[in-house]
Structure formats: C-alpha cells, structure tokens
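# Structural characterization, general
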Amino acid sequence: MYQMGYFYGIDMTYIVLVLPALIFAMYAQSKVNTTFNRYRTVANRRGYTGAEIARRILDMNGLQNILIERVSGNLTDHFSPKENIIRLSDSTYQSTSVAAIGVAAHEVGHAIQYAQGYGPIKLRNSIVPVVQIASFAAWPLAIMGVLFSFSKLANFGVILFGLVVLFQIITLPVEFNASNSALKTLG
C-alpha cells in the first residue's frame, strides 16, 4: 500500500484532501463578498429596503408570525427557526440596494423552507451546533498539533476542518433552494 508521507507530523493524505477544500471555501467566500459589494451600491427601482422586502415575501407566503430584527455586522443575516425571527444585518436591514434585497429574500427563503417542511433544512440545522464547534476548533487543534509535534492532534484538527467543508458542500442545495423559494414569490 502506498503511503504519502508526513509533514511536521501531519499525514500528507489529509493535506492533499483538505487543501483543495480550503481553496474552494476561500473562493466561495470571495465570490459572495465580491457579488455583494458589486450590488450594494445599486439601488432597487422601487426603493424597498431589505426589511420591507423580507416582510412582503413573508406575508405573501402566509408567514406573518415571523418577526424581522436588525442585528449588527455585515452579512450576519440569518433565520432562527427556534425563535421564528429573521435577523438582517446593518448592511441589509435599511439598505435599498439590490444586494440587500437579495440577501433579505434569501433569508426569507429559509423561513419558507421551514414552513413547507423541507427536510434538508431541518437536517442541516440539527447538525449546525456540532459543525460550529468543529469549525471553531479545527485550526487551533491543527496548529497546536504541529507546534507541539503531536501528530494525532494535528490530524484531528485537519479532519475537523475537512468535515466542516464537507458539511458546507452537502448543504449547498439548501442554500440554492432558499434563494429559489423567495425568487418564486417575487417573480
């Protein structure tokens, strides 16, 4: 059996598997930020804010029970199914930009998914807490493992990172569906 070798105690097989995932994750985040920044200065023709569009789409889908709140930050927008609240960031809530409308509509799409009983969103949200812990711990564990020459710890950190990336890839259809659900209402 062929063995790839080790680099500072880390099995190179993990590096070969994780490096493309890291590059893909950085590319995807870059595309989101670039697209948002390109359209954040383009005003929508009707002058609606992100919060107004979110409310309109919710109401059109019979989801009057879902609240909309403003949260600090940039692109910190999310739907909390436990609280039935859509939280829109400073860059979305009051903005009339095309980017803000798109982000707000996307978050409403997640609320629509829940209302329709869309299975993949429920599965995704049930494992989010575990993924958040893995995401938080992956790099520190890998770096500590390398610094202290503890290969098992380093490998565990790399594996955690790989699992986080795998989770993100698997849940891409949920994200696309959320955008499509809101666009159907607007269309």
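This report concerns the structure included in the present document. (Residues numbered from 1 in each chain as written. Predicted model: local features only at pLDDT ≥ 70, side-chain atom pairs only at ≥ 80, totals over all residues. Heavy atoms only, no water.)

### Details of a nonpolar patch on the surface
On the surface, Trp139, Ile143, Met144, Leu147, Phe148 and Phe150 cluster together into a nonpolar patch covering about 670 Å² of accessible area. The residue leucine 147 is located in helix 5 (residues 119–147) in this model. (Patch = residues over 30% accessible without salt bridge, like charges linked within 9 Å, V, L, I, M, F, W, Y side chains within 5 Å. Areas by Shrake-Rupley, 256 points an atom, 1.4 Å probe, with all protein chains shown as cover. Salt bridge = Lys/Arg side-chain N within 4 Å of Asp/Glu carboxyl O. Helix = DSSP H or I, 4+ residues; strand = E, 2+ residues; numbered from the N terminus.)

### Remarks on helix 6 (residues 151–170)
Compared with the 28 Å implied by 1.5 Å per residue over 20 residues, the 28 Å span of helix 6 between its first and last C-alpha is a close match. Every buried residue belonging to helix 6 is among Ala154, Asn155, Gly157, Val158, Leu160, Phe161, Val164, Val165 and Phe167, and all of these are buried. (Expected span 1.5 Å × (residues − 1). Buried < 20%, exposed > 50% of the residue type's maximum accessible area, 1.4 Å probe, protein only.)

### Here we look at the sheet that holds strand 3 (residues 67–71)
Strand order across the open sheet formed by 3 strands is 3-5-4, with mixed pairing between neighbours. Both outer strands of the open sheet, strand 3 and strand 4 (78–80), are each paired with one neighbouring strand and no more. This sheet shows a mean twist of 25° between the axes of neighbouring strands, independent of strand direction. Contacts from helix 2 (residues 50–60) reach strand 3 and strand 5 (85–89), with the element oriented near 160° to strand 3. Across the sheet, helix 4 (residues 98–115) touches strand 4 and strand 5, and the angle it forms with strand 4 is around 30°. (Pairing = 2+ DSSP bridges. Axes fitted to C-alpha atoms, helices over the stretch in contact; angles between N-to-C directions. Contact = heavy atoms within 4.5 Å.)

### Considering the packing of aromatic side chains
One pass over the full model with this rule turns up 2 aromatic pairs. When the centroid spacing of 5.0 Å and the interplanar angle of 50° are considered together, the rings of tryptophan 139 and phenylalanine 161 count as tilted. With a gap of 22 residues between them, tryptophan 139 in helix 5 and phenylalanine 161 in helix 6 connect regions that are remote in the sequence. Phenylalanine 161 sits in the buried class, given a relative accessible area of 11%. (Phe/Tyr/Trp six-rings, centres within 6.5 Å; stacked < 30°, edge-to-face > 60°.)

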